[in-house]
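Chains, contacts and geometry: an overview
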Amino acid sequence: MAVLAGRLARRWCFGLLRSPTQVPALGLHAGSPTMRTSQKDFNDAVSQVKLLKEDPGNEVKLKLYALYKQATEGPCNVPKPGMLDFINKTKWDAWNALGSLSKEAARQKYVDLVSSLSTSSKSPSPETPAADRKPPEGNSLVVTSEDGITTIRLNRPTKKNALTTQMYHDIIAALQAASKDESTITVLTGSGDYYCSGNDLTNFTHLSAGGLEEMARSGEVLLRDFVDCLIDFPKPLVAVVNGPAVGISVTILGLFDVVYATDRATFHTPFSHLGQSPEGCSSYTFPKIMGSSKAAEMLLFGKKLTAQEACARGLVTEVFPDGTFQKEVWARLKAYSKLPPNALRISKQIIRKQEKEKLHAVNAEESSVLRERWLSDECMNAIASFLSRKAKL
Ligand SMILES: CCCCCCCCCCC/C=C/C(=O)SCCNC(=O)CCNC(=O)[C@H](O)C(C)(C)COP(=O)(O)OP(=O)(O)OC[C@H]1O[C@@H](n2cnc3c(N)ncnc32)[C@H](O)[C@@H]1OP(=O)(O)O
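With an unreviewed UniProt entry as reference, the protein chain is termed Enoyl-CoA delta isomerase 2 isoform X1, source organism Odocoileus virginianus. The UniProt entry for the protein chain carries the following comment under Subcellular location (unreviewed entry): "Peroxisome".

Written out as structure tokens, the structure reads:
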């Protein structure tokens, strides 16, 4: 019963706002600085929300929800939902945060907010440069093969390429195909300004009938399969880090053969902030790559590294100026892809062979520890906090 995060979010915010039965008759007057907002203004704003051309995003939808409740029912007067009821708890928090704001003031704020959205969500004019338009969220993963290079591109730029559960499955499938195709080198990269913002935190809202325990169990299996696939990948694996990288997109870098980064990239793993623990074999590869105290600074305290710092620590192979990043990196990879594929394969095998067994054991342990973490109060509170946009990591 996995439900995509966006659809879920849309359903819970817009669903509530769309029901006409939820627009009861209010008193006629509310205040703007000089004029009062009428019931009609408010009702019109409620109708306008349904006609918005662009999804205004979860943060705005949450504000609209809270203001609507405050405007129609007054201060939050229902019991706080349980800790595991992420979505209703997030909504309750937003409504409750409005405190004793009067119905009139809430109505006014609602109307103002909708009016600002209606102005900003007008379709872009034909003159809008293509680069300023957001590409549609169609294929979250794009796989291409050219010049001896198979490229797996994370393609959810509006969500900073956060990894949905479907994307983990798709990456596994893409890696399996790439390991057998004609290409010499395989590349992982991102679309837009981010490389990847890590695990999509809304993955945690996809509760099946088995509840939280079942979600954590299937999360453990998926994580282990995903990382196993990287450990066993037989060809040179290159990360082309086109922007900031967070969480699992950073931890798995220790399993890549080469990591090229733009100087705009940053690297951080905010596991403690999220009540979680390291994965991607980073509990083993990071201390080995950069020494235990530097690894601890990243894995325990979530220290964010610049690309240059990550390079100095050995996590990144080379940093390129952002302006020439794509050109230089792809030119180099094209040259490397002309090397004899079998020699590359065999050399990689020799380099990695000694480690494989250890890496699989580390992966299994990290995944199992994470399963427990996902069920902890610390983790659940952190996810709820992200979903209610209280925290930016
Ligand atoms: C038990 C089930 C699990 C199943 C899967 C198992 C697989 C294994 C999991 C392994 C464990 C992995 C751990 C990690 O990766 S931990 C790291 C998780 N990532 C984060 O904590 C980053 C959270 N995001 C942010 O802090 C910021 O968004 C960021 C700094 C990345 C960017 O900030 P900025 O202000 O520039 O942009 P916005 O915040 O406005 O972001 C734009 C929209 O993108 C959405 N977004 C971004 N990152 C994520 C994310 N990680 N998950 C979900 N959504 C994300 C953000 O909400 C915005 O959306 P809206 O426009 O709709 O508001």
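Right, picking up where we left off after that structure.
Turning our eyes to something else, we now look at the overall build of the protein chain. What the protein chain contains, in helices and strands, is 14 helices and nine strands. A fraction of 74% describes how many contacts in the protein chain between residues 6 or more apart in sequence connect residues 24 or more apart. Approximately 18,900 Å² of the protein chain is accessible, and the part contributed by carbon and sulfur atoms is 55%.

What follows concerns the side chain of Ser249. With respect to the secondary-structure elements, Ser249 resides in helix α8 (residues 248–251). Within polar-contact distance, the side chain of Ser249 engages the backbone oxygen of Cys196 at 3.4 Å. What Ser249 contacts, discounting residues up to four positions off in sequence, is Tyr195, Cys196 and Gly198.

What follows concerns unusual backbone geometry. The phi angle at Asp147 is positive, at roughly 50°, despite the residue not being glycine. Topologically, Asp147 is positioned in the loop between β1 (141–146) and β2 (149–154). One non-glycine residue, Asn161, lies in positive phi territory at about 60°. Summarising the element assignment, Asn161 is placed in the loop between β2 and α6 (165–180). Residue class for Asn161 comes out buried when judged on its relative accessible area of 0%.

Right, let's talk about the environment of Asp170 for a bit. Tracing the sequence through the fold places Asp170 in helix α6. Overall, the relative accessible area of 29% leaves Asp170 in the partly exposed class.

The next thing to look at is the packing of aromatic side chains. The description of two aromatic rings rests on the distance between their centres and on the angle between their planes. Under the criterion given, the structure shown has seven aromatic pairs. Arranged with centres 5.5 Å apart and planes meeting at 90°, the rings of Tyr260 and Phe320 form a pair that is edge-to-face. Of this pair, Tyr260 sits in strand β6 (residues 258–262) while Phe320 sits in strand β9 (residues 318–320), and the two are 60 residues apart along the sequence. One exposure class covers both Tyr260 and Phe320, and it is buried. Through a chain of ring-to-ring contacts, the aromatic side chains of Phe42, Tyr68 and Tyr110 assemble into a single cluster. Between the NZ or CZ atom of Lys91 and the centre of the ring of Tyr65, over which it lies, the distance is 5.1 Å.

In total, this model carries 17 salt bridges according to the counting rule given. A salt bridge links Arg217 to Glu214, with the nearest nitrogen and oxygen atoms 3.2 Å apart. Here the residue Arg217 and the residue Glu214 both occupy positions in helix α7 (residues 211–232), the gap between them amounting to three residues, near one helical turn. Two residues, Glu355 and Lys288, come together in a salt bridge whose shortest N-O distance is 2.5 Å. With Glu355 in helix α13 (residues 341–374) and Lys288 in helix α9 (residues 282–290), the pair connects residues that are 67 residues apart, well separated along the chain. In this structure Glu355 comes out as buried when scored by relative accessible area, which is 18%.

What follows concerns the packing of α6 against α7. It is at 10 Å that the axes of α6 and α7 come closest, and there the two elements cross at 30°. The angle between the axes of α6 and α7 places the two elements in the roughly parallel class. Every pair of crossing elements has a handedness; the one defined by α6 and α7 is left-handed. Contacts from Thr165, Tyr168, His169, Ile171, Ile172, Leu175 and Gln176 in α6 reach Leu222, Asp225, Phe226, Cys229 and Leu230 in α7. Across the contact of α6 with α7, the residue classes tally to eight nonpolar, three polar and one charged.

The first and last C-alpha atoms of helix α12 (residues 325–336) sit 16 Å apart over 12 residues, in line with the 16 Å expected at 1.5 Å per residue. Listed in full, the buried residues belonging to α12 are Phe325, Val329, Trp330 and Leu333. Mapping the buried residues of α12 onto a view down its axis gives an arc of 100°, with all of them on the same face. As for α12, its buried residues are in contact with β2, β3 (185–190), β4 (237–241), β6 and β9.

Let's shift gears to the nonpolar core. Counting residues in each nonpolar core, the largest one holds 66 residues, and the members touching the most others are Phe226, Val241, Phe256 and Phe267. In terms of residue count, α7 provides more of this core than any other element does, 10 residues in total. For Phe226, the contacting residues outside a window of four places in its chain are Tyr168, Ile171, Ile172, Ile248 and Ile252. Core analysis: the second largest hydrophobic core is formed by 16 residues, Ala71, Tyr110, Leu113 and Leu117 among them.

Relative to β2, β1 runs antiparallel, the two sharing six bridges. Across the sheet, Val143 pairs through a bridge with Ile152, a residue of β2.

About the cut-offs
Residues numbered from 1 in each chain as written. Predicted model: local features only at pLDDT ≥ 70, side-chain atom pairs only at ≥ 80, totals over all residues. Heavy atoms only, no water. UniProt positions renumbered as here; feature names shortened; annotations may be inferred. Helix = DSSP H or I, 4+ residues; strand = E, 2+ residues; numbered from the N terminus. Contact = heavy atoms within 4.5 Å. Areas by Shrake-Rupley, 256 points an atom, 1.4 Å probe, with all protein chains shown as cover. Polar contact = N/O pair within 3.5 Å; in protein donor to acceptor, adjacent residues only side chain to side chain. Buried < 20%, exposed > 50% of the residue type's maximum accessible area, 1.4 Å probe, protein only. Phe/Tyr/Trp six-rings, centres within 6.5 Å; stacked < 30°, edge-to-face > 60°. Lys NZ or Arg CZ within 6 Å of the ring centre and 35° of its normal. Salt bridge = Lys/Arg side-chain N within 4 Å of Asp/Glu carboxyl O. Axes fitted to C-alpha atoms, helices over the stretch in contact; angles between N-to-C directions. Parallel < 35°, antiparallel > 145°, perpendicular 65-115°, else oblique. Left-handed = near helix turned anticlockwise from the far one by under 90°. Nonpolar A, V, L, I, M, F, W, Y, C, P; charged D, E, K, R; others polar. Expected span 1.5 Å × (residues − 1). Arc of directions from axis to C-beta. Core = buried A, V, L, I, M, F, W, Y, C linked by side-chain atoms within 4.5 Å. Pairing = 2+ DSSP bridges.

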